[in-house]
Structures are given as C-alpha cells and as structure tokens.
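# Overview (structure and organization)
This is what each chain is made of:
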Amino acid sequence: MTKNIMIVGVGGQGTLLASRILGNAVISEGYDVKVSEVHGMSQRGGSVVTYVKYGEKVHAPIIDKGEADIILAFERLEAIRALPYLKKGGKVILNDRKILPMPVITGATTYPEGIVEDLSSKADVIALDALDLSIKAGSPKAVNVVLIGVLAKSMDIPKETFIKVINETVPPKFLEMNLKAFELGYNYEG
Amino acid sequence: MKELMIGNAAVARGAYEAGVKVVSSYPGTPSTEITESIVKYEDVYVEWAPNEKVAGETAIGASIAGARAMSCMKHVGLNVMADPVFTVSYIGANGGLVFCVADDPGMHSSQNEQDSRHYAKASKIMMLEPSDSSECKEFTKLAFSLSEKYDTPVFIRLSTRVSHSQSLVEICEPEKVELKPYVKNIQKNVMMPANAISRHVVVEEREKALREFAETTPLNAVEDNGSKIGVITSGVSYAYAKDALQDKVNYLKLGMVYPLPTNLIKEFASKVDVLYVIEELDPFIEEHVKGLGIKVKGKDVFSLLGEYSQNLIKKVVLNEEVDAFAPQNLPKRPPVMCAGCPHRGTFYVLSKLGVTVSGDIGCYTLGAVAPLNSVDTTICMGASVSAAHGMAKARGEEFNKKLVSVIGDSTFIHSGITGLIDIVYNKGNNTVIILDNSITGMTGHQDNPTTGLTIRKEPTKQVDLVALCKAVGVDRVRVEDPFDIKGFEKAVKEELEVNEPSVIIAQRPCALLKTVKHEGYYTVNSDKCRSCKMCMKLGCPAIIFEDGKAKIDPTQCNGCGLCVKVCPFTAITKGE
C-alpha cells in the first residue's frame with residue numbers, strides 16, 4: 001500500500017518547496033516515491049496540485065479520487081475542491097486563508113461560505129493560520145514550512161528526518177527562521 | 001546512488017551519460033526542463049534556438065558532423081520541426097540523434113491535444129516511450145546507441161505526467177564518447193531526388209530491421225500473471241494500469257511504440273480471453289492490433305480525450321467504483337495574469353478601445369479571460385501576425401483600422417517576423433504590438449535572442465527589435481510603456497489610423513523577474529472610493545470588491561501602481 005499526500009493551493013503560494021521537502025524526507029526513509037506536479041499556464045494564479053506518494057513500490061504518479069490519506073491545503077476553496085480525492089477517514093490540514101479566484105473577483109460567482117464546517121463534518125481537520133505562525137518565526141515567507149511541520153506530526157516519518165532535509169534544502173541565511181517555523185507547525189495544537 | 005528527478009531531468013541525465021555533445025531546443029511546456037537540466041553538465045554545448053525547426057536542424061547538423069545530439073520540444077513544437085524530421089529520416093544519423101517530444105494530454109498548458117506518435121509512423125522514425133523517470137534516463141541512453149546502430153534518428157515520447165513526475169533515478173558515470181569521423185557523403189547527406197530515391201529504399205529496409213528488433217527487444221516486455229485478461233499499454237498509461245489492476249491481468253508493456261511488434265502481440269493475445277489496449281489520446285496501438293485481425297477493446301471503452309487515471313481503468317476493466325466524496329459545484333480558479341503583469345496595461349487599453357485582437361501563444365493568451373476579454377483568436381506560435389494579415393485582406397481597410405496583432409518578444413522571433421515580412425511585402429497596413437517583457441515568460445523565464453543572454457547566462461549579441469522591424473521595411477516602429485495607459489492608448493490610436501504597416505513595442509519587464517524591484521503595496525481609501533469599479537476592469541488578482549468597495553490584498557499586490565492610473569477619484573494610495 002502506498003501513502004498518498006496531496007498538496008493543494010494557488011499558483012505562487014510556495015507549494016513546490018513543500019513538496020520538495022516532503023519528497024526528500026520520504027526518500028531518506030528508504031521508500032519508493034513519486035512526486036507529481038504540473039508546470040506552465042496553470043501556475044499563473046490558478047489551482048495547483050502536487051501529489052506525493054510513497055511506499056514499497058509506487059506506480060501511478062497521480063492520486064485519484066478517494067485515495068489521499070492527507071490533504072495539505074494552502075487555501076480554503078482549494079481544500080474543498082480537493083475533498084473528493086480524500087480517502088474516507090482521511091485528514092485535512094488547512095491553512096485557513098481565503099484567496100479570491102477571478103470569477104469571484106469579477107462578480108460572476110461568490111466564494112462559498114462554511115467551508116471549514118463542511119470539511120469538519122466529513123474529515124479529520126486541522127485548520128490553522130499558518131501565516132500568523134510564519135510571522136512569529138520571523139518572516140511571512142515560511143508558511144509552507146509551518147505547514148510541513150503540522151504535516152510531519154501527522155506522518156509516520158521521524159521529525160529528525162524532516163529537520164535534516166530542511167537543513168539540506170533551505171539556504172543557510174534562512175535556516176534558523178525555517179527551523180523555527182517547522183517547530184511552530186510541529187507543535188501546533190488546534 | 002539514487003536521486004529523485006522529474007522525467008525531464010532524467011532525460012537530460014540520460015543524454016549526458018550517453019555522451020551527448022550538442023543540445024538545441026526551443027522551450028515549450030511540458031518539455032522545457034529537459035534542456036534547462038542540461039545546463040548543469042558543463043561539457044555539453046546547449047542552447048535555446050529561435051524556434052524548433054532551427055533547433056532540430058542544429059541537432060541534425062551536429063549529428064552529421066559526428067556528435068551525439070538532441071533536440072527537445074513540446075508536441076506542437078514538433079509541427080514546427082516536421083520539415084527537417086521527414087528528410088533526416090532518409091539521411092539517418094552519424095552521431096546518435098535523438099528528438100525528444102512531450103505531449104500534453106489534458107492540455108495543462110497547450111492549445112491542442114495532438115498525439116505525436118503519428119509523426120513516428122509518418123516519418124518512419126523509431127519511437128521509445130518511457131513510463132517513469134528511471135526509464136526516461138535508460139531509454140534516452142539507449143536511444144543514442146540505437147540511433148547509431150540503425151542509422152536513424154530516434155524519438156523519445158513523453159507526456160506531461162512523465163515529464164513532470166519525480167521518481168528515483170540511478171545515477172551513473174557518463175560514457176566517454178568520441179566524435180565520429182566526418183566523411184563527405186553526397187549520396188547519403190544531399191537529399192535531392194536522385195539520392196533521396198535510393199535513400200528511401202534504405203529507410204524501408206531499416207523499417208524491416210526495426211520491426212524485427214521490436215519483436216525481441218526487452219523494451220517490450222510481457223508480464224504474465226496467469227490471467228485471462230490481457231492489457232497492452234505504454235508510457236504513463238502503464239503506470240495507471242499497474243496501479244489499478246495490480247497482478248490481476250497480464251501486461252504487454254511497450255517501451256517502443258514505433259515500429260510495433262507483430263508476433264509478440266499475436267502470441268500475447270492468444271493466451272487471454274479479453275484483450276485491452278490502454279493508451280491516452282489516439283488509438284495508435286489499437287489500430288495496429290486490429291490490423292493484425294485481433295479482437296481488442298480500446299477506444300470503444302476508453303476515451304479519446306484527456307488523461308487517464310487508475311480509477312478510470314479500474315471502472316472499465318474490473319467494473320469497480322471508488323467510494324469518494326462527491327465533487328461540489330465550486331467557483332473555478334482559472335489562471336490569471338499575475339499582479340504587476342506588464343501585459344495588463346496593454347489589454348486594458350485594447351479592451352477599452354474595443355479593437356479586434358489577433359492573439360498568440362504565451363502568458364498574454366490570458367488577455368482572453370474575463371474581465372479583459374480582449375483576445376479574439378489564438379492559433380499557434382506566430383499566427384497573430386499572419387492571421388491578422390489574412391483578416392485585413394479579407395475584410396478590408398475599415399476592419400483593419402480596428403485590428404491589432406499581439407505577440408510576445410520570444411514568439412515574435414520564433415515565427416512572428418516572417419508574418420511581418422509578409423505584411424510589408426504584400427502591402428498590408430497592419431498594426432503589430434510586440435509585448436517585450438525581456439524574457440520568455442510562460443514556460444518559466446528562458447532567455448531568448450532579445451534578452452542578450454544565452455541559456456548559460458553568458459552575455460551575447462542582443463537582437464534589436466526596433467532595428468529588426470525597420471530592416472524588414474516597417475518605417476513606423478515605436479517603443480511604448482504599457483503602464484503609461486494614456487500614452488499607450490494614444491500610440492495605438494495613431495498607428496491604427498496610418499495607411500502603412502506599424503509596430504508598437506510594448507516594453508516593460510515581466511513582474512516575476514528577479515531583477516524587477518517591487519516597492520510596497522497600494523491600498524484603497526474607502527472614504528474616497530465611489531464604487532465605480534474602474535479598477536476592477538484591470539482583472540488584477542490583488543483587487544477585490546467587498547462590502548460595496550474596492551480593496552487591495554497587500555499580500556498579493558506588488559505595488560505596480562497601474563490601478564492608481566485608472567482610478568478617477570484618486571482613492572488608491574501607497575500602503576503604510
């Protein structure tokens with residue numbers, strides 16, 4: 001059986017760094033792994049999705065409906081959009097932030113209300129303001145690492161492995177801040 | 001040592017390990033990162049060419065000269081390169097010659113969903129199709145030696161999910177490959193009729209040899225799980241099928257999709273009661289299997305459209321449904337021009353003037369999206385210029401007075417310049433707007449002949465767009481800042497009026513370039529905001545309308561200040 005983690009957000013939110021840290025952490029534990037993302041036009045402020053799958057042997061690069069053990073969502077609407085991909089009984093980690101899509105901005109449609117409540121009625125949800133924790137760590141730019149911290153707590157991979165990978169991935173100048181962001185996420189209690 | 005790599009980086013690694021010496025490509029999603037990944041191998045010559053045809057011909061020349069060479073492109077790039085491809089099939093390869101083409105099923109970032117396997121068959125060039133990063137590396141390495149062994153170019157076919165999925169790749173030492181001798185050979189390398197006639201005979205003999213190779217190569221592998229269901233598949237479809245069907249079926253995995261084997265397929269089919277072909281896009285393998293008189297399920301049960309997935313295959317082959325939450329009717333989040341994007345100024349003006357916009361391929365295709373709704377047509381690279389020429393010839397000068405072409409700097413060099421020459425030569429009066437944002441934007445910031453830097457960021461001669469347009473005979477060429485809305489509007493109006501061809505170069509760098517400094521953000525003074533929604537017409541993702549007033553999201557705004565210029569009530573000022 002593979003473990004399937006889906007990272008969803010809006011183009012430009014830094015989901016790619018999150019998947020890189022996660023992918024490298026999984027490899028360090030000796031698993032087979034596939035990380036899949038899409039580049040190009042959809043990255044320009046559109047919905048972006050990254051799939052991280054690991055286990056003894058991974059075949060398909062994508063996660064299909066009903067297959068995700070955990071959804072790590074950088075934005076509320078993208079979390080609810082990804083819900084059909086969640087395994088029944090799965091977990092959603094939500095950065096409780098709202099970014100309006102263009103059809104809402106132009107008034108063609110409205111942003112749905114009650115997303116967190118809806119998600120909570122269907123799944124095990126951890127909702128947090130990762131931007132707040134990131135700023136506490138010293139910069140608004142470490143939202144992705146805060147969220148990786150929360151995710152790490154929910155995974156079967158040792159915390160030390162993540163710390164080692166962050167040490168290897170993040171430029172030395174920002175290392176201390178990112179490690180702090182990871183700890184704040186890891187120790188977050190909703 | 002194993003490393004996690006996207007398929008594209010693994011193709012680059014495979015080429016490097018095979019001793020590739022020359023790589024020339026034009027960027028195009030999902031193929032771009034192959035060539036970008038070559039940059040880290042310092043002893044390989046690598047370049048961005050102005051278009052795929054030039055790139056392909058550069059690789060062909062390098063091969064004739066005795067080097068292992070490669071050119072990489074997206075599926076529609078292969079259309080541009082098709083001319084030399086069909087002829088180099090006759091010439092063959094001296095140094096190993098590999099063309100890597102990436103299809104985009106599902107059209108994540110493309111204007112069509114063509115299936116490049118048809119090119120292999122039409123040009124009689126063998127084609128390999130890897131299913132993950134490890135195979136990307138191995139197949140690419142093998143492609144170079146097969147190319148030399150059979151004296152043929154070799155296609156590697158990728159698809160978005162193979163190109164952009166990371167999986168583990170075993171890293172090996174590069175081979176030491178010497179240049180092959182260059183020997184003048186007119187019969188082989190000069191494709192005029194007399195020589196081509198005899199080379200066609202060689203091509204058909206090669207086809208025969210490759211068909212025999214297809215029967216025995218380990219690229220085409222049978223996995224016999226003792227099942228009465230058989231699946232013939234290749235590429236990423238194999239990965240989906242394995243995920244969905246595990247060991248419940250027998251597999252014939254085709255690593256070589258052209259030419260296809262015959263006896264291998266017949267033998268595989270004879271051992272099962274039900275046979276499926278699982279392949280995205282066109283029934284390429286299926287038609288071959290049917291041609292052998294074998295009954296097979298293919299496009300009668302699978303779609304011709306978009307990408308496949310494990311659930312889809314499970315449903316069709318095993319009739320198993322997946323228990324999942326139902327999708328809800330949610331607002332879509334289409335891609336948009338970034339906050340601070342220089343194209344926004346251009347399209348705001350064009351939208352305001354209500355002109356017909358003959359569009360092109362790049363980030364600025366998003367000028368067709370609400371609320372700008374500005375672009376009328378998008379066809380292919382360069383077509384904005386030539387299609388507008390056709391529109392003007394069809395509908396006359398009155399129509400032409402409200403018609404512009406819009407094309408990016410890199411796209412103009414790719415194939416817009418020839419359209420401009422057509423306009424000048426054939427007495428057109430079109431107005432062409434070149435969006436010069438100092439980079440190739442959509443594919444992720446590649447340098448091009450107008451940026452003054454090579455792929456390795458070495459300074460080089462920079463094509464001067466003004467001088468270029470003047471040199472082909474356009475006398476009216478002006479450079480304008482698309483963020484100077486009034487000035488830009490005036491320029492467009494003036495150039496539409498004149499009875500001669502004209503070019504406006506809308507010059508402002510891409511907001512995502514690291515060299516572009518952003519200063520703070522803007523904010524709306526809600527007391528001064530009269531809810532006129534003029535700023536909303538810009539379609540900026542940072543500006544929202546809430547509780548009857550415009551608001552700016554400070555985390556999205558990068559302080560470009562375009563909205564300040566359209567607000568009639570000076571309600572927008574610098575944030576604290």
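Thresholds, definitions, all that
- Residues numbered from 1 in each chain as written.
- Chains lettered and ligands numbered in written order.
- Predicted model: local features only at pLDDT ≥ 70, side-chain atom pairs only at ≥ 80, totals over all residues.
- Helix = DSSP H or I, 4+ residues; strand = E, 2+ residues; numbered from the N terminus.
- Rg over C-alpha atoms; globule rule 2.2 N^0.38 Å.
- Buried ≥ 20, exposed ≤ 12 C-beta atoms within 10 Å, placed from the backbone.
- Contact = placed C-beta atoms within 7 Å.
- Axes fitted to C-alpha atoms, helices over the stretch in contact; angles between N-to-C directions.
- Parallel < 35°, antiparallel > 145°, perpendicular 65-115°, else oblique.
- Left-handed = near helix turned anticlockwise from the far one by under 90°.
- Nonpolar A, V, L, I, M, F, W, Y, C, P; charged D, E, K, R; others polar.
- Domains from an automatic or database assignment.
- Pairing = 2+ DSSP bridges.
- Core = buried A, V, L, I, M, F, W, Y, C linked by C-beta atoms within 7 Å.
- pLDDT = per-residue confidence, 0-100.
- Expected span 1.5 Å × (residues − 1).
- Arc of directions from axis to C-beta.
- Right-handed = clockwise from strand over helix to strand, strands pointing away.

### What about the overall build of chain A?
The number of helices and strands found in chain A is 8 helices and 6 strands. Beginning at the N terminus, the succession of helices and strands in chain A can be written as β-α-β-β-β-α-β-α-α-β-α-α-α-α. In terms of overall size, chain A behaves like a compact globule, its C-alpha atoms giving a radius of gyration of 16 Å where 190 residues would be expected to give roughly 16 Å. By its C-alpha atoms, chain A is 45 × 40 × 35 Å across when sized along the principal axes.

### Points about the overall build of chain B
Along the backbone of chain B there are 20 helices and 22 strands. In terms of C-alpha radius of gyration, chain B reaches 27 Å, essentially the compact-globule figure of 25 Å for 576 residues. Taking the principal axes of the C-alpha coordinates as reference, chain B spans close to 80 × 65 × 50 Å. Buried residues in chain B amount to 54% of all 576 residues. Within chain B, residue pairs in contact and separated by at least 24 positions form 74% of the contacts whose partners lie at least 6 positions apart.

### A word on the packing of helix α1 (residues 7–17) of chain B against helix α6 (residues 133–150) of chain B
Packed helices, taken two at a time, are described by their axes: the angle between them and the distance between them. Residues and elements named next belong to chain B. Contact geometry for α1 and α6: axes closest at 7 Å, N-to-C directions at 30 degrees. On the basis of the axis angle, α1 is roughly parallel to α6. Handedness of the crossing formed by α1 with α6: right-handed. Taken together, the residues of α6 that come into contact with α1 (itself represented by Gly-7, Ala-10, Val-11, Arg-13, Gly-14, Ala-15 and Glu-17) are Ser-133, Cys-136, Lys-137, Glu-138, Thr-140 and Lys-141. Residues belonging to the contact of α1 with α6 are distributed by class as follows: 4 nonpolar, 4 polar and 5 charged.

### Topic: the domain arrangement of chain B
Structurally, chain B comprises domain 1 (2–216), domain 2 (220–318), domain 3 (343–507) and domain 4 (522–574). Summarising the inter-unit geometry, the C-alpha centres of domain 2 of chain B and domain 3 of chain B are found 46 Å apart.

### Some thoughts on the interface of chain B and chain A
Contacts between the two partners involve 47 residues from chain B, matched on the other side by 47 residues from chain A. Contributions of two or more residues to the side of chain B that touches chain A are made by α7 (160–163), β8 (165–170), α10 (235–245), α13 (310–318) and β20 (543–546) of chain B. Of all the elements, α10 of chain B adds the most residues to the side of chain B that touches chain A, at 5 residues. Here the residues of the side of chain B that touches chain A are counted per class, giving 27 nonpolar, 14 polar and 6 charged. The pairing of strand β2 (residues 32–36) of chain A with β8 of chain B spans 3 bridges and is antiparallel.

### Points about the sheet that holds strand β14 (residues 356–358) of chain B
Residue and element names in this part refer to chain B. The 5 strands lie next to each other as β14-β15-β16-β18-β17, forming an open sheet whose pairing is parallel. Each edge of the open sheet is held by one strand with a lone partner, namely β14 and β17 (476–480). Pairwise comparison of adjacent strand axes, ignoring direction, gives a mean angle of 25 degrees for this sheet. Across 3 bridges, the pairing between β14 and strand β15 (residues 403–408) is parallel. Residue Thr-356 lies in a different strand from β15, and its bridge partner there is Leu-403.

### Quick look at the nonpolar core
Residues and elements named next belong to chain A. Met-6, Ile-71 and Leu-147 are the most contacted members of the largest nonpolar core, which has 232 residues in total. Considering each element in turn, this core owes the most residues, 8 residues, to helix α6 (residues 143–153). Residues contacting Ile-71, with those up to four places away along its chain left out, are Met-6, Val-8, Ala-79, Ala-82, Tyr-85, Leu-86 and Val-92.

### Some points on the environment of Met-256 of chain B
All names here are of chain B. Within the fold, Met-256 resides in strand β12 (residues 256–258). Linking Met-256 and Gly-235, residues 21 residues apart in sequence, is a C-alpha distance of 9.5 Å. With near-sequence residues (within four places) excluded, Met-256 lies in contact with Met-126, Leu-128, Ala-214, Thr-217, Leu-219 and Asn-220.

### Describing the sheet that holds strand β2 (residues 22–25) of chain B
Residues and elements named next belong to chain B. What the 7 strands build is an open sheet, ordered β3-β2-β4-β5-β7-β6-β12; its pairing is mixed. The open sheet is flanked by β3 (45–48) and β12, the only strands paired with a single partner. Strand after strand, the sheet turns through a mean of 20 degrees between neighbouring axes, direction not considered. Where strand β4 (residues 69–74) meets strand β5 (residues 97–103), 6 bridges bridge the pair, whose relative direction is parallel. Each bridged residue has a counterpart across the sheet, and for Cys-72 the counterpart in β5 is Cys-100. The strands touched by α6 are β5, β6 (126–128) and β7 (154–159); relative to β7, the strand with the most contacts, the crossing angle is about 160 degrees.

### Side note on the confidence of the model for chain B
On average, residues of chain B score 97 in pLDDT, and 100% of them reach the 70 mark or higher. Confidence estimates for the predicted assembly give a pTM of 0.96 and an ipTM of 0.94.

### Overview of helix α15 (residues 383–395) of chain B
Residue and element names in this part refer to chain B. Relative to the 18 Å expected for 13 residues at 1.5 Å per residue, α15 spans 18 Å between its end C-alpha atoms, a close match to the ideal helical length. Along α15, the residues classified as buried are Ala-383, Ser-384, Val-385, Ser-386, Ala-387, Ala-388, His-389 and Ala-392. Next to the buried residues of α15 lie β14, α16 (397–400), β15, α17 (409–425) and β16 (431–436).

### Some points on α13 of chain B
Residue and element names in this part refer to chain B. Listed as buried for α13 are Gln-310, Asn-311, Ile-313, Lys-314 and Val-317. Viewed along the axis of α13, the buried residues span an arc of 160 degrees, placing them on a single side of the element. Against β10 (229–233), α10 and β13 (274–278) lie the buried residues of α13. Positive backbone phi, at 55 degrees, marks Asn-319, one or two positions downstream of α13.

### What to know about the pairing of β2 of chain B
Residues and elements named next belong to chain B. Burial of the side chains of β2 extends over both faces: Val-22 and Ser-24 are buried on one face and Val-23 and Ser-25 on the other. As paired strands, β2 and β3 are joined by 4 bridges and run parallel to one another. Bridged to Ser-24 within β3 is Glu-47. For the handedness criterion, the β-α-β arrangement of β2, helix α2 (residues 32–38) and β3 is classed as right-handed.

### Brief notes about the pairing of β17 of chain B
Residues and elements named next belong to chain B. Alignment of β17 against strand β18 (residues 502–507), held across 5 bridges, turns out to be parallel. Bridge pairing in β18 links Val-479 to Ile-505. Handedness of the β-α-β unit built from β17, helix α19 (residues 485–497) and β18 comes out right-handed.

### Description of the environment of Gln-462 of chain B
All names here are of chain B. The topology assignment puts Gln-462 in the loop between β16 and α18 (465–471). In this structure Gln-462 comes out as exposed when scored by C-beta crowding, with 12 C-beta atoms within 10 Å. Linking Gln-462 and Val-203, residues 259 residues apart in sequence, is a C-alpha distance of 41 Å. Setting aside chain neighbours within four positions, we find Gln-462 in contact with Thr-450, Thr-451 and Gly-452.

### Here's the deal with unusual backbone geometry
Residue and element names in this part refer to chain B. Geometrically, the link from Tyr-258 to Pro-259 is a cis peptide bond, its omega value of -10 degrees lying close to zero. Summarising the element assignment, Pro-259 is placed in the loop between β12 and α11 (263–270). In this model, Ala-370 is joined to Pro-371 through a cis peptide bond whose omega is 5 degrees. Assignment of secondary structure puts Pro-371 in the loop between β14 and α15. Notably, His-445 is not glycine yet its phi reads approximately 70 degrees, a positive angle. Here His-445 lies in the loop between β16 and α18. With a phi close to 40 degrees, Thr-570 is a non-glycine residue in the positive phi region.

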